Number of protein chains: 2
Amino acid sequence: MEKTKKFLLPENELPTQWYNIVADMTTKPMPMLHPGTKQPLQIDDLTPLFAKDLAEQELNQTDAWIDIPEEVREKLKIYRPTPLVRAYNLEKALDTPAHIYFKNESVSPVGSHKLNSALAQAYYCKKEGTTNITTETGAGQWGTALSLAAKMFGLELAVYMVKISYEQKPYRRSLMQTWGAQVIASPSMSTKAGRKTITENPTYQGSLGTAISEAIELAMSTPNCKYTLGSVLNHVSLHQTVIGLEAEKQMEMAGEYPDVVIGCFGGGSNFSGVAYPFMRHNIKDGKKTRFIAAEPASCPKLTRGKFQYDFGDEAGYTPLIPMFTLGHNFAPAHIHAGGLRYHGAGTIVSQLLKDNLMEAVDIEQLDSFKAGVLFAQTEGIVPAPESAHAIAAAINEALKCKEEGTTKTILFNLSGHGLVDMAAYDQYLAGDLVNYSLSNEDIAANLSKIEGLI
Amino acid sequence: MEKTKKFLLPENELPTQWYNIVADMTTKPMPMLHPGTKQPLQIDDLTPLFAKDLAEQELNQTDAWIDIPEEVREKLKIYRPTPLVRAYNLEKALDTPAHIYFKNESVSPVGSHKLNSALAQAYYCKKEGTTNITTETGAGQWGTALSLAAKMFGLELAVYMVKISYEQKPYRRSLMQTWGAQVIASPSMSTKAGRKTITENPTYQGSLGTAISEAIELAMSTPNCKYTLGSVLNHVSLHQTVIGLEAEKQMEMAGEYPDVVIGCFGGGSNFSGVAYPFMRHNIKDGKKTRFIAAEPASCPKLTRGKFQYDFGDEAGYTPLIPMFTLGHNFAPAHIHAGGLRYHGAGTIVSQLLKDNLMEAVDIEQLDSFKAGVLFAQTEGIVPAPESAHAIAAAINEALKCKEEGTTKTILFNLSGHGLVDMAAYDQYLAGDLVNYSLSNEDIAANLSKIEGLI
């Protein structure tokens, strides 16, 4: 019999509900706090900025299953269900007894999993009569996804793109413009926050913090306008659970159940998406799967950060979030996995890690690219630099199996492809990339800045 | 019941044989001629340059079905079968009663259909003990595909990349290098042909003609080395028929049969691939499907060229090929659909067009990008500039249906995505692109140069 490489679900098996893990958690995440009153955040605190349905999802701790609107499912079908793939060629190259599977989110037309939440967020904004939305983008994955989603639901979108990315990643900007979005290099003259920054520092290359401030300011000062965010928040993780829910059915088709589930980790959206549906069987059915978040060694909030209340952005405009953090003013090195350069983790992941329901590992930049190139040469797909962290972690687990002579089933999420990030591979192949180490003193010094925040 | 958007075949429905339309043609294509003797080309004329199996396929006029080796099928499964997609959103935007389907070859890890033949060619070279292969690439699609295929079958590959593309398309070069190929800007100092060109014209930006000469020279002067080509030849079209064979089964799943089948046209590889399997039912079963090759208005060999014997390359090293041609020294304008900038068509397509078994239309550059942007904004996928020509032709047919009030079923091949060609979209959105017109005098003047070639 022929070996099956790709496990495909028909369209009608696209999940009809998202999975909200909070409802099943024994220890709930601690509440986000209003930055002024220090009281637990209420829906009314969120609705000026976010669509009401999204605000409700953000604070929902009781419903384990939330219906996916038909309008969203219809758009998801452009690329979903995505394939689950057995990485036979990678296994062979590693000479490992492990079975390696990956969920291929790179088949989305924007090239990453970000579209899963972008479509949902655009839909809910449109549904309540919003005409314009704003967001920020760093590496550009979220901005491209939201550009397509906004166009598909007939919304006008303004994206504040960190200036250095705007200049260094022209293809990302072109993609957003092709899908009809307005892209503004941040800091810009279009907001008070941007003007202030430019005035004080005319050559500033921008940061996610400034871009967030600009996007929020534009949303607050524009009629019928909401703000959207592509990671960290609970409702984003919720929308991403289609990844794991599909993978669960597909692993069943393959006749296996994962011993290890791995996702790269920036704000948590793709890790949560692949992990939570399987984690519910650890929580409820006594399964013993290990869940590994693979973060960059240059931004190690999960492996070396501290669990405490901190702000989600650099400027301190967001609610106080109970999180593993390196401090909201932590400035990560300019690694090419731009999507993983974030100082903190969302409330759910932080609680799960605290309760030992998951693990985290850190991956050096050079190891991530080495893994990425091996994957490209064996499985064909050039991975996004972010996803290469998950591949590196999967390879480490597979090599452990080889050492121990055990056959484990490893599943990782290939969150996206790297076709628009080839400049990074160019630099890696030319030997121009380096690792970035952080001393314990560096980390402690940065954490000391947020001591006594609450 | 839910509407189905994507029609998926399981892996075991991947075709086991390629379809060789020549065997079913009433009027066979005229033979290619040896440039020296002017006698019909024999296998021995081809084997110094091409793998023997490929040479046999090139000249095979009797077997309608040729087995796909298991080793090739196994690698094809990385991305095949590819989806057939109903373009509901595009239909809605056009307000047309037509049913529009597209075969999505952009899901290949190299982003285009070129991998279908690259894998087969690499396999046959490896099988006969070849260790090194060479090729040339203009726009870069073929070079990237062959790079991955060579790596997968353990061959060393040298790609001569037209110098101006090497400089203007760094992402394509990085992709080839990531997959392990050696990429040389052509003209180069590594061959006599290259050295001669550089010496005579040190600032020359290269051409496909020179790159072919260099790739052939390196193959001829290297032990255990063969040359490969990504279009025009019969064996390339043969390998591409997996596209149409899959689409045939998928159209059946959709409960429809195409009235019109469309592919963009450069050397003919993707058009042949989608068209021939359906065309056999016109030839054998009395079906009346129309087949439309969509070529760029700036390089109109099918719509305005002449049928006669001509060379396949600029320098005149290839056999004499019976083809629709603009003359082998025709210099097409620098349109962004680089893959369509070729002066002639293969022998099979040329004969089919001569016998009115197919049609051709020409598409202006600006119309192709307009169609590409509409497609990106409705169906999500940013198409390759080449594929946008097929989309434009499909839109024209769909609008005719609207005018006439007829419901036709239109199938086009989406040969690739444009994620590595965003600079072209950038220029289009900025209003920097133009159409290129050719006067009848221009065309006649160029054709006069090949008068009396045989």
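A short tour of the structure in this document, coming up. (Residues numbered from 1 in each chain as written. Chains lettered and ligands numbered in written order. Predicted model: local features only at pLDDT ≥ 70, side-chain atom pairs only at ≥ 80, totals over all residues. Heavy atoms only, no water.)

Moving on to the interface of chain A and chain B. The parts lose accessible area when they come together, and the size of an interface is often stated as this lost area. Contacts between the two partners involve 46 residues from chain A, matched on the other side by 46 residues from chain B. Taken over both partners, the interface formed by chain A and chain B buries close to 4000 Å², and the fraction arising from carbon and sulfur atoms is 55%. Our count for the chain A to chain B interface comes out at four salt bridges. Here Lys6 of chain A ties to Glu11 of chain B by a salt bridge, and the two come within 3.3 Å at their closest N and O atoms. Counting the contacts that link chain A with chain B gives 18 residue pairs in polar contact (both at pLDDT 80 or more). Broken down by secondary-structure element, the contributors of at least two residues to the side of chain A that touches chain B are α3 (70-76), α6 (141-152), α8 (170-178), α16 (365-379) and α18 (422-429) of chain A. By residue number, the principal contributor to the side of chain A that touches chain B is α8 of chain A, which donates six residues. The residue inventory of the side of chain A that touches chain B, partitioned by class, reads 21 nonpolar, eleven polar and 14 charged. (Contact = heavy atoms within 4.5 Å. Buried area = accessible area lost by both parts, 1.4 Å probe. Salt bridge = Lys/Arg side-chain N within 4 Å of Asp/Glu carboxyl O. Polar contact = N/O pair within 3.5 Å; in protein donor to acceptor, adjacent residues only side chain to side chain. Helix = DSSP H or I, 4+ residues; strand = E, 2+ residues; numbered from the N terminus. Nonpolar A, V, L, I, M, F, W, Y, C, P; charged D, E, K, R; others polar.)

In this section: the environment of Ala247 of chain A. All names here are of chain A. Here Ala247 shows up in helix α12 (residues 242-253). In the structure, Ala247 is positioned 163 residues away from Leu84 in sequence and 6.5 Å away in space, judged by C-alpha atoms. Filtering out sequence-adjacent residues up to four positions away, Ala247 remains in contact with Lys103, Phe278 and Leu411.

Core analysis: the biggest nonpolar cluster contains 100 residues, and Trp18, Val72, Leu115 and Leu119 of chain A together with Trp18, Leu115 and Leu119 of chain B have the highest contact counts within it. Apart from residues no more than four positions distant in its own chain, Leu115 of chain A is found in contact with Tyr79, Ser108, Pro109, Val110, Ala145, Leu148 and Ala149 of chain A. Grouped together as the second largest cluster of nonpolar side chains are 33 residues, Val22, Met25, Tyr101 and Met358 of chain B included. (Core = buried A, V, L, I, M, F, W, Y, C linked by side-chain atoms within 4.5 Å. Buried < 20%, exposed > 50% of the residue type's maximum accessible area, 1.4 Å probe, protein only.)

Moving on, we get to the relation of the copies chain A and chain B. Mapping chain A onto chain B calls for a rotation angle of 180° and an axial translation of 0.0 Å; the resulting RMSD is 0.0 Å. When the rotation and shift are considered jointly, the pair of chain copies conforms to a two-fold rotation axis. An overlap of 100% is found between the interface residues of chain A and their copies at the interface of chain B, pointing to a shared contact surface. (Least-squares fit on C-alpha atoms with pLDDT ≥ 70 in both.)

This paragraph deals with the sheet that holds strand β7 (residues 156-162) of chain A. Residue and element names in this part refer to chain A. Read across the sheet, four strands follow the order β8-β7-β6-β9 without closing on themselves; strand pairing throughout is parallel. Two strands in the sheet have a free side with no partner beyond their single neighbour: β8 (182-186) and β9 (225-227). Across the sheet, the axes of successive neighbouring strands diverge by a mean angle of 25°, strand direction being ignored. Sheet topology note: the β7/β8 ladder contains five bridges and is parallel. Directly across from Tyr160, in β8, lies its bridge partner Ile184. Docked against the sheet, α8 engages β6 (132-137), β7 and β8, running at close to 175° with respect to β7. (Pairing = 2+ DSSP bridges. Axes fitted to C-alpha atoms, helices over the stretch in contact; angles between N-to-C directions.)

Attention shifts here to the packing of aromatic side chains. Evaluation of the coordinates by the stated rule reveals 27 aromatic pairs over all chains. Geometrically, the ring pair formed by Phe369 of chain A and Tyr425 of chain A is edge-to-face, given 5.2 Å between the ring centres and 80° between the ring planes. Taken as a pair, Phe369 of chain A in helix α16 and Tyr425 of chain A in helix α18 lie far apart in primary sequence, 56 residues in all. Summarising the burial analysis for this pair, Phe369 of chain A and Tyr425 of chain A share the class buried. An aromatic cluster is present here, built from Phe102, Phe375 and Phe412 of chain A joined pairwise through their rings. Sitting over the ring of Tyr257 of chain B, Lys287 of chain B keeps its end group 4.2 Å from the ring centre. (Phe/Tyr/Trp six-rings, centres within 6.5 Å; stacked < 30°, edge-to-face > 60°. Lys NZ or Arg CZ within 6 Å of the ring centre and 35° of its normal.)

The term disulfide refers to a covalent linkage connecting the sulfur atoms of a pair of cysteines. All names here are of chain A. Per the stated rule, a full pass over the model turns up zero disulfides over all chains. With no disulfide partner, Cys225 has as its closest neighbouring cysteine sulfur the one in Cys125, 8.7 Å distant. Unpaired in terms of disulfides, Cys299 finds its nearest cysteine sulfur in Cys264, a separation of 12 Å. (Disulfide = S-S within 2.5 Å.)

Next up on the list: unusual backbone geometry. For the bond from Arg80 of chain A to Pro81 of chain A, the omega torsion is -10°, close enough to zero to count as cis. Turning to its location among the elements, Pro81 of chain A is positioned in the loop between α3 and β4 (84-86). Here the amide bond leading from Ser186 of chain A into Pro187 of chain A is cis, since omega sits at 10°, within 30 degrees of zero. Assignment of secondary structure puts Pro187 of chain A in the loop between β8 and α9 (192-200). Of note in the backbone geometry, Lys38 of chain B takes a positive phi value of approximately 60° without being a glycine. Of note in the backbone geometry, Val232 of chain B takes a positive phi value of approximately 65° without being a glycine.

Nothing here speaks to function; it is geometry throughout.
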